[in-house]
Amino acid sequence: MGLRQRRQVLVSALRGIWPAWAVIAVSTVLELGGEPVRAALRYERSGLLSGELWRVLTGHFVHLGPMHLMLNAVGTLLVAILMIRALSPGQWCIVTAAVIGSIGLGFWLLNPSLEWYVGLSGLLHGWFAAGIVGLLRHDGSEGWPLAFLLAGKLAIEQWYGAIPGSSEFAGGPVVIDAHLYGAAAGLLTGILLTRFAGPRRL
């Protein structure tokens, strides 16, 4: 493969993960607004009680600071590179909506003491789980190792708490339940999509 062909393949791959770029772009623009934007858009129980329902959505796209954003941006790109071909663009949109809604519902019903939440990590776990389902429908040799990796990470977090150093690097506490709710929603949505709509042809 020549240099020109390699460049074309790279450009095509980068274009193929446009949902990831869109998420990163929105999060970056919001980060430029600093603390006022973060306070206005984060998931916040008291705000929801006041009718500020947008917080269920926007809370995923604001961050604790630049380091938290960078961590999630890198994670977004990695998940996209690994998973983007497992589902169609339309299916990814459905997964995104289902995961965001499920995390918000999970917080509301199961974490009433949680005052606020920001970041993409819950959504990323949902993308990862849904992508695994899509991969498993095609080739278990790719999907199963990733499935065991995700299951192990979630188990460790639920039993022992956040991975050491993650809170310090992000600049604030890690809400591990967001990972669990996101992964559960992504798994269920991925199963429903690939069963009734069919997985994407790789």
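Residues numbered from 1 in each chain as written. Predicted model: local features only at pLDDT ≥ 70, side-chain atom pairs only at ≥ 80, totals over all residues. Heavy atoms only, no water.

Enquirer: I would appreciate a short explanation of the overall build of the protein chain in the present structure.
Expert: Each helix and strand counted, the protein chain has 11 helices and two strands in total. Its helices and strands in sequence order give the protein chain the pattern α-α-α-β-α-α-α-α-β-α-α-α-α, from N to C terminus. (Helix = DSSP H or I, 4+ residues; strand = E, 2+ residues; numbered from the N terminus.)

Enquirer: Can you help me understand the pattern of salt bridges in this one?
Expert: It is possible for side chains of opposite charge to pair when their charged atoms get near one another. Evaluation of the coordinates by the stated rule reveals six salt bridges. Between E35 and R38 there is a salt bridge; the shortest N-O distance is 2.6 Å. Placement of the pair is E35 and R38 together in helix α3 (residues 34-41), with a separation of three residues, close to one helical turn. Residue E157 is joined to K153 by a salt bridge in which the shortest nitrogen-to-oxygen separation is 2.5 Å. Here the residue E157 and the residue K153 both occupy positions in helix α9 (residues 140-160), the gap between them amounting to four residues, near one helical turn. One salt-bridge network, held together by shared partners, links R42, E44, E52 and R55. (Salt bridge = Lys/Arg side-chain N within 4 Å of Asp/Glu carboxyl O.)

Enquirer: Please clarify how the packing of aromatic side chains should be interpreted in this entry.
Expert: Aromatic rings in a pair are described by how distant their centres are and how their planes are angled relative to each other. Inspection of every chain in the model, using the stated rule, returns five aromatic pairs. Grouped by ring-pair contacts, the aromatic residues Y43, F107, Y117 and Y181 constitute a single cluster. The ring of W108 is capped by R45, whose NZ or CZ atom sits 4.0 Å from the centre of that ring. (Phe/Tyr/Trp six-rings, centres within 6.5 Å; stacked < 30°, edge-to-face > 60°. Lys NZ or Arg CZ within 6 Å of the ring centre and 35° of its normal.)

Enquirer: Any chance you could explain the packing of helix α6 (residues 66-83) against helix α8 (residues 121-136) here in plain terms?
Expert: Between α6 and α8, the least distance of the axes is 10 Å, while the angle of their chain directions is 10°. In terms of their interaxial angle, α6 and α8 are classed as roughly parallel. Of the residues in α8, those in contact with N72, G75, T76, V79, L82 and M83 of α6 are S121, L124, W127, F128, G131, I132 and L135. The class makeup of the residues in the contact of α6 with α8 is eight nonpolar, five polar and no charged. (Axes fitted to C-alpha atoms, helices over the stretch in contact; angles between N-to-C directions. Parallel < 35°, antiparallel > 145°, perpendicular 65-115°, else oblique. Contact = heavy atoms within 4.5 Å. Nonpolar A, V, L, I, M, F, W, Y, C, P; charged D, E, K, R; others polar.)

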